[in-house]
Amino acid sequence: METKFKYTPEIPEVFRCRVPLPGTSQAFLLNGVLTEEYRDGAGVVVLSEGEMGFRIAVPAGSSSNDSTQIITVRDNKDTSPITFSNSISLGANSSSNFLLCTHTLTLDEFITESEINISAEEGSNCQIVVMQNEHNFSSHKIKFNIVQKRDSFVRINLVTLHGAKIENIIDAKLTEPGALCELNGIYLADGKQQINTTINMNHLVPHCNSRQLFKGILDNEARASFSGKIVVSKDAQKTEAYQSNHNLLLSRQAKVYAQPQLEIYADDVKCSHGATSGRLDENALFYMRSRGIGAAEAKLLQQIAFVYDVLEKINNEQLRNRLQEMVESRLRGEFSHCANCSMNCC
């Protein structure tokens, strides 16, 4: 299948998001507004009708291996703070893949606040990859509200590359038995960037599972925080819930604050959480250098290895490889070569 692009006329020709693969269908939100209705080959409908935000409806029983990409773009046609709400409705026994990207086209100090409401009906399966690549004067707060029904599966993979202040909030409610929610994330920060992650995972009924894995690499004076809470209700027996947050600090000025939490009101559960912060492994660096690998390359290899187990959670191999290339470019500092560019090689 050929790549299908649906660029709105307002998007400059210079902009081309490099992440999507052949078969990816695309729609744009320009300063929060999706200007036309869009329907892809699998029947996934994206509606806005000139209103702020998108509304996605995946028909019951539909299945597609290709992705639908929603690209949220800010430019200087509207530099005021904007707030908008979006929704993704997953029909029963449907299977879908989404790629949600945020970009900036100019160096204005954008402030964006958005909400994505996800409802997963019985037996639905959805994989969502979120790539955040805004310039380092831009602030964006995104809140995901997830409600899952019986035997549904939702996986969200967050890849945060750039942005002055990025705040990701995820509130998940597992409301019927058999629901599985998996949340994974990578955040890379340097300079004076600030990345905040807040997760509330609510197990409301028995026989539900959740998994969380978040890793961050911080350099210079960057700041990050991770606040993750797992709540297991009184009657939510046979719950399995796991949470891990690990951080790599490349400078003594970088700071990270981790607050993993468990609230368990049932007695037949398997739950764990953990958080670590540390520096590069000097013994591993020495070993690599003794094998002829330069110091800079040895440090880079260790950083890539550190985040790879998060990237491998992305089920599409081609997309995973493409994002790994972008993560490696980010860690190499290649994006910083164009200091006056707002797109960070998107």
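Structure: see above.
What you see is a predicted model; the values in this text were computed from it and never measured. Every chain is numbered independently, its residues counted from 1 as its sequence is written. Side-chain atom pairs in this predicted model are given and counted only at pLDDT of 80 or more, local residue features only at pLDDT of at least 70, and totals for whole chains, interfaces and linings cover all residues. Excluding hydrogens and water, the side-chain values take into account all heavy atoms of the structure.

Okay, the packing of helix α1 (residues 282–290) against helix α2 (residues 295–311) next. Lines are fitted to the C-alpha atoms to define the axes, a helix being fitted only along its stretch in contact, and any angle between axes, read from their N-to-C directions, falls within 0 to 180 degrees. Runs of H or I in DSSP of at least four residues are treated as helices and runs of E of at least two as strands, each being numbered from the N terminus. At a closest axis distance of 9 Å, the pairing of α1 and α2 adopts a crossing angle of 130°. Classified by the angle their axes make, α1 and α2 are oblique. Two packed elements cross with a definite hand, and for α1 against α2 that hand is right-handed. Across the interface between the two elements, Ala284, Leu285, Met288 and Arg289 of α1 pack against Ala295, Ala298, Lys299, Leu301 and Gln302 of α2. Under this grouping Gly is polar, as are all residues other than the nonpolar Ala, Val, Leu, Ile, Met, Phe, Trp, Tyr, Cys and Pro and the charged Asp, Glu, Lys and Arg. Of the residues contributing to the contact of α1 with α2, the split by class is six nonpolar, one polar and two charged. For classification purposes, angles smaller than 35 degrees are called roughly parallel, those larger than 145 roughly antiparallel, those between 65 and 115 roughly perpendicular, and all remaining angles oblique. Throughout, a crossing is termed right-handed when the near helix is turned clockwise from the far one, and left-handed when it is turned anticlockwise from it by less than a right angle. In this description, contact between two residues means that some pair of their heavy atoms is separated by no more than 4.5 Å.

The next subject is the nonpolar core. Membership of the largest hydrophobic core comes to 55 residues, with the highest contact counts inside it found for Phe98 and Ile156. Counting 33 residues, the second largest nonpolar core, distinct from the first, contains Cys17, Ile71, Leu300 and Ile304. In these notes, a set of buried Ala, Val, Leu, Ile, Met, Phe, Trp, Tyr and Cys residues joined through side-chain atoms within 4.5 Å is what counts as a nonpolar core. Accessibility here uses a 1.4 Å probe with only protein chains present; expressed as a share of the type maximum, an area under 20% marks a residue as buried, one over 50% as exposed, and anything in between as partly exposed.

Each pair of aromatic rings taken from Phe, Tyr and Trp, with Trp reduced to its six-membered ring, is defined by centres within 6.5 Å and is described as stacked if the planes are under 30 degrees apart, edge-to-face if over 60, and tilted in the remaining cases. Counted by the stated rule, this structure contains one aromatic pair. An angle of 45° between the planes, with centres 5.4 Å apart, marks the rings of Phe214 and Phe226 as tilted. Taken together, the residues Phe214 in strand β15 (residues 209–218) and Phe226 in strand β16 (residues 223–232) connect sequence positions twelve residues apart. A residue is classified by how much of its surface remains accessible, and Phe214, at 1% relative accessible area, is buried. For Phe226, a relative accessible area of 1% translates into the label buried. The ring of Phe306 carries Lys215 above its face, with NZ or CZ at 4.7 Å from the centroid. By definition, being over a ring means that NZ of Lys or CZ of Arg is both within 6 Å of the ring centre and within 35 degrees of the ring normal.

By this rule the span expected of a helix is its residue count minus one, scaled by 1.5 Å. Given a rise of 1.5 Å per residue, 17 residues ought to cover 24 Å, and the 24 Å separating the end C-alpha atoms of α2 matches this to within 8%. Looking at the buried side of α2, the elements it contacts are β13 (180–189), β15, β17 (239–249), α1 and α3 (317–332).

All right, on to the environment of Ser290 then. Relative to the assigned elements, Ser290 resides in helix α1. At 2.6 Å, the side chain of Ser290 forms a polar contact with the backbone oxygen of Tyr287. Each polar contact in these results corresponds to two N or O atoms within 3.5 Å; when the atoms are within protein, one needs to be able to donate a hydrogen and the other to accept it, and residues that are neighboring in sequence are counted only if both atoms are side-chain atoms.

Another point: unusual backbone geometry. With phi around 60°, His207 is a residue other than glycine that occupies positive phi space. On the secondary structure map, His207 appears in the loop between β14 (194–203) and β15. Residue His207 is classed as partly exposed on the basis of its relative accessible area of 48%. One non-glycine residue, Asn220, lies in the positive phi region at around 55°. With respect to the secondary-structure elements, Asn220 resides in the loop between β15 and β16. A relative accessible area of 36% places Asn220 in the partly exposed class.

What follows covers the pairing of strand β10 (residues 139–148). For two strands to be treated as a pair, DSSP must find no fewer than two bridges joining them. Relative to β10, strand β8 (residues 111–120) runs parallel, the two sharing ten bridges. The residue of β10 that forms the bridge with Asn117 is Asn145. Across ten bridges, the pairing between β10 and strand β12 (residues 165–174) is parallel. Among the inter-strand pairings, Asn145 is bridged to a residue of β12, identified as Asp171.

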